[in-house]
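Single-letter residue listing:
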Amino acid sequence: MAAISARLRDLLGRGRRVAALTGAGISAESGVPTFRSPGGFWDNESLLDLATPQGFARDPRRVWAWYDARRRQVSGCAPNAGHLALASFGRNHPDFRLITQNVDGLHAAAGSAGVILLHGDLFRVRCTEEGTSREDRRVPLPEIPPRCACGALLRPDVVWFGEVLPEGAMQEATGAARRSKVFLSIGTSALVYPAAALPELAKRHGAYLVEINVEETPLSPLADELILGPAAGVLPDLLGT
Ligand code: BJW
């Protein structure tokens with residue numbers, strides 16, 4: 001088991017103003033591939049073709065085929081001990097804020113309430129004409145690419161490169177990072193902005209910055225504590241659940 005300092009155990013034991021940012025790594029042990037690791041979502045696919053508005057405009061069928069496959073895969077996955085530990089910590093500490101870059105819905109499935117979704121939701125679709133968004137959990141989708149009742153193309157309700165993050169979510173996330181006394185960065189490569197700026201922001205405002213990952217990232221030199229290990233193993237021990 002990875003070493004955890006007495007100071008961190010003490011800070012978490014007090015449980016005041018803890019915030020966490022999660023990335024694809026927290027869902028790895030649920031069977032959801034990460035993006036950038038070998039065998040990840042982008043191993044054989046170009047990110048510019050699949051996760052940009054330009055890629056979607058060029059070939060909506062290809063982009064939707066990729067999202068349909070991911071929706072199928074994720075719908076067969078369950079939350080793991082890491083998701084469950086965060087949900088339990090949130091129930092016991094009402095001022096805990098959970099921010100995620102993930103679109104897989106596994107935090108909510110684990111019972112976390114009020115999760116701040118920075119990059120959208122894999123199981124929502126948005127009309128490219130009307131801008132309206134709604135839940136759609138059908139797997140597989142009956143038609144690729146799917147269309148809105150108005151006839152226009154639907155798109156996944158997620159945030160692609162070059163697109164602005166949902167304003168409310170980003171505001172809540174920056175507020176939570178600024179106010180936090182402990183900030184946990186969990187299972188993210190810390191490469192994608194503006195999410196990657198949140199741990200730095202928290203630290204600038206005085207938080208004790210903790211990174212939990214199976215390997216070092218560009219954030220590691222800034223962390224007060226780096227816990228090297230799989231999130232599903234580390235979090236139940238760290239959060240006492
Ligand atoms: C484990 C583990 C285990 C494995 N336990 N750990 C500032 C500087 C430079 C560039 C920019 C900047 N500001 C904006 C940009 C541009 C761009 C950007 O950041 N580019 C960089 C890549 C260079 N950002 C944007 O375009 C954003 N929009 C924006 O800023 O708007 C304003 C603006 C617009 C135009 C110009 C300028 C400003 C939007 C970003 C949207 C990202 N979208 C995606 C797709 C979402 C939908 C979908 O899922 O399909 O979000 S990309 C993808 O990356 C996805 C993820 O949420 C995101 C982060 O990935 P994550 O979660 O970190 O996963 P991995 O795979 O990278 O890492 C997994 C980690 O887990 C690894 O570290 C493993 O070691 C670890 N791990 N197993 C613990 N068991």
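Further up the page is the structure itself.
## Things to note about helix 5 (residues 81-92)
Point 1. Along its twelve residues, helix 5 runs 16 Å from first to last C-alpha, staying within 8% of the 16 Å computed at 1.5 Å per residue.
Point 2. Taken together, the buried positions of helix 5 are occupied by Gly 82, His 83, Ala 85, Leu 86, Ala 87, Ser 88 and Phe 89.
Point 3. Structurally, helix 5 contributes buried residues whose contacts are with helix 1 (6-14), strand 1 (18-22), strand 2 (97-100), helix 6 (106-110), strand 7 (182-186) and helix 9 (231-239).
Point 4. Capping the start of helix 5 is the job of one residue whose side-chain oxygen sits 2.7 Å from the backbone nitrogen of Gly 82: Asn 80.

## Notes on the site of the ligand
Point 1. The full set close to the ligand counts 34 residues, and Arg 36, Tyr 67, Arg 70, Glu 163 and Ser 189 are the nearest of them.
Point 2. Separating an oxygen atom of the ligand from a backbone N or O atom of Gly 187 is a distance of 3.2 Å.
Point 3. Residue composition of the shell around the ligand, grouped by class: 19 nonpolar, ten polar and five charged.
Point 4. Each of domain 1 (1-31 + 79-119 + 165-241) and domain 2 (33-76 + 125-158) contributes no fewer than three residues to the shell around the ligand.

## Section: the nonpolar core
Point 1. Membership of the largest hydrophobic core comes to 25 residues, with the highest contact counts inside it found for Tyr 67 and Trp 160.
Point 2. Counting only elements with at least two residues in this core, the list comes to helix 4 (60-75), strand 4 (120-127) and strand 6 (154-158).
Point 3. Per-element accounting of this core gives the leading share, five residues, to helix 4.
Point 4. Residue contacts for Tyr 67: discarding those within four places in its chain leaves Leu 50, Leu 122, Pro 156, Val 158 and Trp 160.
Point 5. Core analysis: the next-biggest nonpolar cluster, separate from the first, contains 24 residues, Leu 11, Leu 12, Val 234 and Leu 235 among them.

What counts, and at which threshold
Residues numbered from 1 in each chain as written. Predicted model: local features only at pLDDT ≥ 70, side-chain atom pairs only at ≥ 80, totals over all residues. Heavy atoms only, no water. Helix = DSSP H or I, 4+ residues; strand = E, 2+ residues; numbered from the N terminus. Expected span 1.5 Å × (residues − 1). Buried < 20%, exposed > 50% of the residue type's maximum accessible area, 1.4 Å probe, protein only. Contact = heavy atoms within 4.5 Å. Polar contact = N/O pair within 3.5 Å; in protein donor to acceptor, adjacent residues only side chain to side chain. Near = heavy atom within 4 Å. Nonpolar A, V, L, I, M, F, W, Y, C, P; charged D, E, K, R; others polar. Domains from an automatic or database assignment. Core = buried A, V, L, I, M, F, W, Y, C linked by side-chain atoms within 4.5 Å.

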